[in-house]
Amino acid sequence: MATPATKTQVISLYRQFLRSGSKFGAYNFRDYAIRRARDGFRSNMKEADPEKISAFIKKAEQDLKVVQRQSAISSMFNSGEKLIIEDQRIVRTAGDN
C-alpha cells in the first residue's frame, strides 16, 4: 500500500493533470488530455509495489510538464471559436432528430 505522503503526491499530480488539460483551447485536445489522465491514473490505482509507484510518479511528472507546455502553447493560438459540442446550452435527448 502506498504511504500517505505518496497518496497525497499522486492526488496532487492527478489534479494538476486535470487543471492543465482543461486549459487547452481546442475541445479535442482538452477532452483527450483529461480522458488520458483519468485512464492513466485509474489503470495504476491498485499498484502496491513502491518501486513501480515511484516510476509511475516520475513518468507522470514528465508527462505533466508536456501537457502544461502544450496547453500554454495552445492558449496562445486559441481562436475563441467553440464547436457545437462545447455549447452547454444545447441539450439533446434520445427523442430529438
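The name recorded for the protein chain in an unreviewed UniProt entry is Complex 1 LYR protein domain-containing protein, from Umbelopsis vinacea. What UniProt records for the protein chain under Sequence similarities (unreviewed entry) is the sentence "Belongs to the complex I LYR family."

Right, let's talk about the overall build of the protein chain for a bit. Each helix and strand counted, the protein chain has three helices and zero strands in total. Counting the 97 residues in the protein chain, one finds 22% classified as buried. Considering only contacts in the protein chain between residues 6 or more positions apart, those separated by 24 or more positions represent 68%.

Core analysis: the largest hydrophobic core is formed by eleven residues, namely L13, F17, F24, A33, A37, F41, I53, I57, A60, L64 and V67. Only α1 (4–21), α2 (27–43) and α3 (50–76) provide two or more residues apiece to this core. Broken down by element, this core gets its largest block of residues, five residues, from α3. The residues touching A37, leaving out its near neighbours within four places in the chain, are Y14, F17 and L18.

The next thing to look at is a nonpolar patch on the surface. A cluster of nonpolar side chains, contributed by I73, M76 and F77, occupies part of the molecular surface with about 370 Å² of accessible area. Here I73 shows up in helix α3.

With that settled, the discussion passes to the pattern of salt bridges. This structure, assessed with the given rule, holds two salt bridges. Among the salt bridges present, the one from R35 reaches D31, with a minimum N-O distance of 3.0 Å. Placement of the pair is R35 and D31 together in helix α2, with a separation of four residues, close to one helical turn. On the basis of relative accessibility, which here comes to 42%, the residue R35 falls in the partly exposed class. Note on D31: relative accessible area 33%, which makes it partly exposed. The partner of K59 in a salt bridge is D63, with the nearest N and O atoms 3.0 Å apart. Here the residue K59 and the residue D63 both occupy positions in helix α3, the gap between them amounting to four residues, near one helical turn. Accessibility expressed as a relative area gives 30% for D63, which makes it partly exposed.

The relative placement of two aromatic rings is captured by the distance of their centres and the angle of their planes. Counted by the stated rule, this structure contains three aromatic pairs. Both rings, one in Y14 and one in F41, keep their centres 5.2 Å apart while their planes meet at 65°; by these two values the pair is edge-to-face. Of the two residues, Y14 sits in helix α1 while F41 sits in helix α2, which places them 27 residues apart along the sequence. Ring geometry for F24 versus F29: centroids 6.3 Å apart, planes at 35°, classification tilted. Taken together, the ring pairs in this structure connect Y14, F17 and F41 into an aromatic cluster.

Basis of the calculations
Residues numbered from 1 in each chain as written. Predicted model: local features only at pLDDT ≥ 70, side-chain atom pairs only at ≥ 80, totals over all residues. Heavy atoms only, no water. UniProt positions renumbered as here; feature names shortened; annotations may be inferred. Helix = DSSP H or I, 4+ residues; strand = E, 2+ residues; numbered from the N terminus. Buried < 20%, exposed > 50% of the residue type's maximum accessible area, 1.4 Å probe, protein only. Contact = heavy atoms within 4.5 Å. Core = buried A, V, L, I, M, F, W, Y, C linked by side-chain atoms within 4.5 Å. Patch = residues over 30% accessible without salt bridge, like charges linked within 9 Å, V, L, I, M, F, W, Y side chains within 5 Å. Areas by Shrake-Rupley, 256 points an atom, 1.4 Å probe, with all protein chains shown as cover. Salt bridge = Lys/Arg side-chain N within 4 Å of Asp/Glu carboxyl O. Phe/Tyr/Trp six-rings, centres within 6.5 Å; stacked < 30°, edge-to-face > 60°.

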